[in-house]
Amino acid sequence: MAESKRPRVMVDMSATLIHHGHIRLLKKAAEIGEVVVALTSDDEVKKTKGYVPELNFAERKEILESIKYVSEVVSCPWLITEDFMKSQHCDLLVHGADNSNHIPAEKLIIFPRTEGISSSMLRERVLDSLIEMNLDDPKHSRASDKVARFLIESIKKEFRLE
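Reference entry: report on the structure contained in this document. (Residues numbered from 1 in each chain as written. Predicted model: local features only at pLDDT ≥ 70, side-chain atom pairs only at ≥ 80, totals over all residues. Heavy atoms only, no water.)

**What about the overall build of the protein chain?**
Then step 1. Looking only at helices and strands, the protein chain has six helices and five strands in total.
Then step 2. What you see in the protein chain, going N to C, is helices and strands ordered as β-α-β-α-α-β-α-β-β-α-α.
Then step 3. Residue burial in the protein chain is summarised as follows: out of 162 residues, 40% are buried.
Then step 4. Contacts spanning at least 24 positions in sequence make up 62% of the contacts within the protein chain whose residues lie at least 6 apart. (Helix = DSSP H or I, 4+ residues; strand = E, 2+ residues; numbered from the N terminus. Buried < 20%, exposed > 50% of the residue type's maximum accessible area, 1.4 Å probe, protein only. Contact = heavy atoms within 4.5 Å.)

So this is what it looks like as structure tokens:
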């Protein structure tokens, strides 16, 4: 009996800051079939999320290609269509619970998001670390503490982290 071919499974993401939630999603997708990551371009991230990703497209692509669960990485628009999936010869779309793609239910697999992690949370952790480093250094005066807090709050607003 001939072995049936594994389906090609598309996982779309922007992966601006890659974390263990992304890895878990890719691992689950790899259990279903051959994983093709549809990676959002820098321009699409800027247009949709309002900021330039910390890691540019080429850097994000290189990281994703090095993950053992990923067979291929392709550039994609913000929203995945059935036509785009067909153009990449993909049978299914795997996404986290925040899916906004309009794909027929029979071609869509939704997994819950990993609790306690997101790229936004990572940004906030970095900002909190910067504040802590600034405040723990006895060389910084109260004026610089205020400036640091102001800058951090401004950054949080810019990245919609509030």
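Resuming the write-up.
**Thoughts on the nonpolar core**
Then step 1. Counting 19 residues, the largest nonpolar core has Val11, Met13, Leu26, Val35, Val37, Leu64 and Val94 as the members making the most contacts within it.
Then step 2. Listed by contribution, the elements that provide at least two residues to this core are β1 (8–13), α1 (20–32), β2 (34–40), β3 (70–76) and β4 (92–96).
Then step 3. Once residues within four sequence positions are removed from consideration, Leu64 is found in contact with Met13, Ala15, Ile18, Leu26, Val37, Leu39, Val70 and Val73.
Then step 4. Of all hydrophobic cores here, the second largest spans 11 residues; its members include Met10, Ala38, Phe84 and Leu93. (Core = buried A, V, L, I, M, F, W, Y, C linked by side-chain atoms within 4.5 Å.)

**Concerning α1**
Then step 1. Along its 13 residues, α1 runs 19 Å from first to last C-alpha, staying within 8% of the 18 Å computed at 1.5 Å per residue.
Then step 2. Regarding α1, the residues found buried are Gly21, His22, Leu25, Leu26, Ala29 and Ala30. (Expected span 1.5 Å × (residues − 1).)

**Here's the deal with a nonpolar patch on the surface**
Then step 1. Residues Val147, Phe150, Leu151 and Ile155 make up a contiguous nonpolar surface patch of roughly 380 Å² in combined accessible area.
Then step 2. Relative to the elements of secondary structure, Ile155 occurs in helix α6 (residues 142–158). (Patch = residues over 30% accessible without salt bridge, like charges linked within 9 Å, V, L, I, M, F, W, Y side chains within 5 Å. Areas by Shrake-Rupley, 256 points an atom, 1.4 Å probe, with all protein chains shown as cover. Salt bridge = Lys/Arg side-chain N within 4 Å of Asp/Glu carboxyl O.)

**Re the sheet that holds β1**
In any sheet, the strands associate via hydrogen bonds between backbone groups, in a parallel or an antiparallel arrangement.
Then step 1. With respect to topology, five strands assemble into an open sheet ordered β3-β2-β1-β4-β5, the strand pairing being parallel. This sheet does not close on itself; its edge strands, each paired only once, are β3 and β5 (108–111). With direction set aside, neighbouring strand axes in the sheet form an average angle of 25°.
Then step 2. Sheet strands in contact with helix α3 (residues 57–65) are β1, β2 and β3, and its direction is about 165° off that of β2. (Pairing = 2+ DSSP bridges. Axes fitted to C-alpha atoms, helices over the stretch in contact; angles between N-to-C directions.)

**Some thoughts on the pattern of salt bridges**
Then step 1. A complete count under the given rule lists seven salt bridges for this structure.
Then step 2. As a salt-bridge pair, Glu34 and Arg8 come within 3.3 Å of each other at their nearest N and O atoms. Remark: Arg8 occurs in strand β1 and Glu34 occurs in strand β2; sequence separation between them is 26 residues.
Then step 3. Glu82 is the salt-bridge partner of Lys107, the closest N and O atoms lying 2.9 Å from each other.

**Points about the pairing of β1**
Then step 1. Burial runs high along β1: six of the six residues are buried.
Then step 2. Burial along β1 is two-sided: the residues Arg8, Met10 and Asp12 and Val9, Val11 and Met13 are all buried.
Then step 3. Relative to β2, β1 runs parallel, the two being bridged by six bridges. Bridge assignment links Met10 to a residue of β2, and that residue is Val36.

**Some remarks on the side chain of His19**
Then step 1. Structurally, His19 is set in the loop between β1 and α1.
Then step 2. With sequence-adjacent residues up to four places away left out, His19 is seen in contact with Ile117, Ser118, Ser119 and Leu122.

**Focus: unusual backbone geometry**
For residues besides glycine, phi is generally negative; the peptide bonds are generally trans as well.
Then step 1. Phi at Ala15 takes a positive value of approximately 45°, unusual for a residue other than glycine.
Then step 2. Inspection of the secondary structure assignment puts Ala15 in the loop between β1 and α1.
Then step 3. Despite not being glycine, His89 shows a phi value in the positive range, around 60°.
Then step 4. Locating His89 in the fold gives a position in the loop between α4 (82–87) and β4.
Then step 5. Residue classification places His89 among the exposed residues on the basis of a relative accessible area of 59%.

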